[in-house]
Amino acid sequence: MSRGQNLSQMLNSKPIVKVCGAFDAMSAKLVEINGFDAVWAGSFAISATHAVPDASILTMTEFFDAASSMAEACKIPVIADCDTGYGGPSNVSHMVKKYESAGIAAICIEDKTFPKQNSLLENGQNDLISEKEFVAKIIAAKEAKRDQNFMIIARVEALISGAGMTEALKRASAYEKAGADAILIHSKKKTPEEVFEFAKLWKGNSPIVVIPTTYDSVKTDELISNKIKIVIYANQTLRAAYASMSKILKQMINSNSLSEVKEEISSMEDIFQLQEMYDIKAKEKDLENELKKLGYIS
Ligand code: SPV
Ligand code: MG
């Protein structure tokens, strides 16, 4: 079963698909180990790991390398945040082929102008491209995919940009008609009201995806009862890593010995497990036995 298929099946069988953001192979694997349904390879977190702004600074190749190493490291589906699609329809077409061949389950593109800025930035630049231009990108994405289960998620930024609910609904319908498999409705409000209103007014069949970073007190049950099918916790792993590393580093610079931080960091053993170090050791043993059989080792 392809990972796109796996994601489609989860959409059919689960009340809500829980996706968590990651920024590299290790964080993606932790997302998997801790029971999430899928990984979000988000542009904010990947940009942050390069210590650059989430403002279309990294190239497609850099985002692709990060997302594909996440897909290599885990079995659950990876949803790649592909910003504005790194150009026009031809760029989107090339991008879809690359991401799909790397075993990524879905891509998400948003209808903002290039270069884009993070949607949650205070006074960020959130201009929209025309509906027609974005529809062209969706059509290109749809034509480029080979596996019908590879998902194209169209991210509607009308509420973020201030264009309003009517525009958001109109665009979502147009994107679905063009071939989008899901609609991500993004909001930077502190409460989920506008997202719930969108879901109530949405007449399409495509599942609705949300990222409740700013309305973080919303409960999973409320998302479910308001027709939300995919929830993405986009950047908490990155922020946890930042907070934890900063705290430990502050302690370490002022301490006389490493033993002071020992209780607060993972063990080497934890990391050996994550890296599957013992698999290598077991394989070495097997290899030794094979070489013995062949008479190379006595
Ligand atoms: C990301 O995680 O990169 C996103 C979500 O696109 S947001 O930061 O809210 O724009
Ligand atoms: Mg992003």
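What counts, and at which threshold
- Residues numbered from 1 in each chain as written.
- Chains lettered and ligands numbered in written order.
- Predicted model: local features only at pLDDT ≥ 70, side-chain atom pairs only at ≥ 80, totals over all residues.
- Heavy atoms only, no water.
- 1 Å grid on protein atoms, 1.4 Å probe; cavity = no way out; pocket = protein on both sides within 12 Å on 5 of 7 lines; lining within 4 Å.
- Points joined across faces, edges and corners; volume = space filled by probe spheres on them.
- Helix = DSSP H or I, 4+ residues; strand = E, 2+ residues; numbered from the N terminus.
- Nonpolar A, V, L, I, M, F, W, Y, C, P; charged D, E, K, R; others polar.
- Donors = N, O, S within 2.8 Å, 3.2 Å for Na, K, Ca; no water.
- Buried < 20%, exposed > 50% of the residue type's maximum accessible area, 1.4 Å probe, protein only.
- Phe/Tyr/Trp six-rings, centres within 6.5 Å; stacked < 30°, edge-to-face > 60°.
- Salt bridge = Lys/Arg side-chain N within 4 Å of Asp/Glu carboxyl O.
- Near = heavy atom within 4 Å.
- Polar contact = N/O pair within 3.5 Å; in protein donor to acceptor, adjacent residues only side chain to side chain.
- Areas by Shrake-Rupley, 256 points an atom, 1.4 Å probe, with all protein chains shown as cover.
- Sits in = over half its atoms within 2 Å of the grid points.
- Pairing = 2+ DSSP bridges.
- Axes fitted to C-alpha atoms, helices over the stretch in contact; angles between N-to-C directions.
- Contact = heavy atoms within 4.5 Å.

Trainee: Teacher, can you tell me more about the layout of surface pockets here?
Mentor: Where empty space is left can be seen by rolling a probe of water-molecule size over the atoms. Within this model, the largest pocket holds a volume of roughly 680 Å³. Around the largest pocket, the lining is made up of 24 residues, and of these Met26, Leu30, Ala241, Ser266 and Ile271 lie nearest the centre. Sorting the residues of the lining of the largest pocket by element identifies helix 2 (25–33), helix 11 (236–253) and helix 12 (268–275) as the ones contributing at least two each. Here the lining of the largest pocket takes eight residues from helix 11, the largest share from any one element. Residue composition of the lining of the largest pocket, by class: 16 nonpolar, six polar and two charged. In this model, the second largest pocket occupies a volume close to 310 Å³.

Trainee: What am I meant to see in the coordination of the magnesium ion (ligand 2) here?
Mentor: Metal coordination angles in their ideal form are 109.5 degrees for the four-donor tetrahedron and 90 or 180 degrees for the six-donor octahedron. Donor atoms from the polypeptide that bind the magnesium ion (ligand 2) are Ser43 (OG) and Asp81 (OD), placed at 2.0 to 2.2 Å. Of this pair, serine 43 sits in helix 3 (residues 43–49) while aspartate 81 sits in strand 3 (residues 78–81), placing them 38 residues apart in sequence. Here the two residues serine 43 and aspartate 81 agree in accessibility, since each one is buried.

Trainee: In this structure, what is going on with the packing of aromatic side chains? I would like to understand it.
Mentor: Geometrically, a pair of aromatic rings is defined through the distance of the ring centres and the angle of the planes. Applying the stated criterion across every chain yields a total of six aromatic pairs. Note on phenylalanine 198 and tryptophan 202: the rings are 6.0 Å apart at their centroids and 15° apart in plane angle, and the pair reads as stacked. For the pair shown, phenylalanine 198 and tryptophan 202 are each scored as buried.

Trainee: What is the right way to read the pattern of salt bridges from this model?
Mentor: A side chain with one charge may pair with a side chain of the opposite charge, provided their charged atoms come close. Throughout the structure, instances matching the rule amount to 18 salt bridges. Taking the shortest distance from any N to any O, the salt bridge between arginine 171 and aspartate 111 comes out at 3.3 Å. Of the two residues, arginine 171 sits in helix 8 (residues 165–178) while aspartate 111 sits in the loop between strand 4 (106–110) and helix 6 (131–144), which places them 60 residues apart along the sequence. Residue classification places arginine 171 among the buried residues on the basis of a relative accessible area of 5%. Overall, the relative accessible area of 0% leaves aspartate 111 in the buried class. Between glutamate 288 and lysine 292 there is a salt bridge, with its nearest N and O atoms 3.8 Å apart. Note that glutamate 288 and lysine 292 are positioned in helix 13 (residues 277–293) at a spacing of four residues, about one turn of the helix. Classification of glutamate 288 by relative accessible area gives partly exposed; the value is 31%.

Trainee: Explain the site of ligand 1 here, please?
Mentor: Around ligand 1 sit Trp40, Gly42, Ser43, Phe44, Asp81, Asn118, Ser119, Leu120, Arg155, His186, Ile211 and Ala234, and that is every residue in its neighbourhood. Here tryptophan 40 contributes a side-chain N or O atom positioned 3.0 Å from an oxygen atom of ligand 1. Between ligand 1 and asparagine 118, the relevant distance is 2.8 Å, taken from an oxygen atom to a side-chain nitrogen or oxygen of the residue. Contact with the protein chains removes 99% of the 290 Å² of surface that ligand 1 exposes when unbound. Mapping ligand 1 onto the cavity grids shows that it belongs to the second largest pocket. Tallied by class, the residues present in the shell around ligand 1 amount to five nonpolar, five polar and two charged.

Trainee: Would you mind going over the sheet that holds strand 2 (residues 38–41) with me for this structure?
Mentor: Consider a sheet: its strands pair through backbone hydrogen bonds, and that pairing is either parallel or antiparallel. Strand order in the closed barrel formed by eight strands is 1-2-3-4-5-6-7-8, and the pairing between neighbours is parallel. Direction aside, the axes of adjacent strands within the sheet are offset by 25° on average. Bridge analysis of strand 5 (residues 151–156) against strand 6 (residues 182–185) gives four bridges, and the strand direction is parallel. In the strand pairing of strand 6, alanine 154 is matched with isoleucine 183. Against the sheet, helix 1 (residues 3–13) makes contact with strand 1 (17–22), strand 2, strand 3, strand 4, strand 5 and strand 8 (228–233), and its axis sits at roughly 135° relative to strand 1, the strand it touches most. Against the sheet, helix 4 (residues 60–73) engages strand 1, strand 2 and strand 3, with an angle of about 175° to strand 3.

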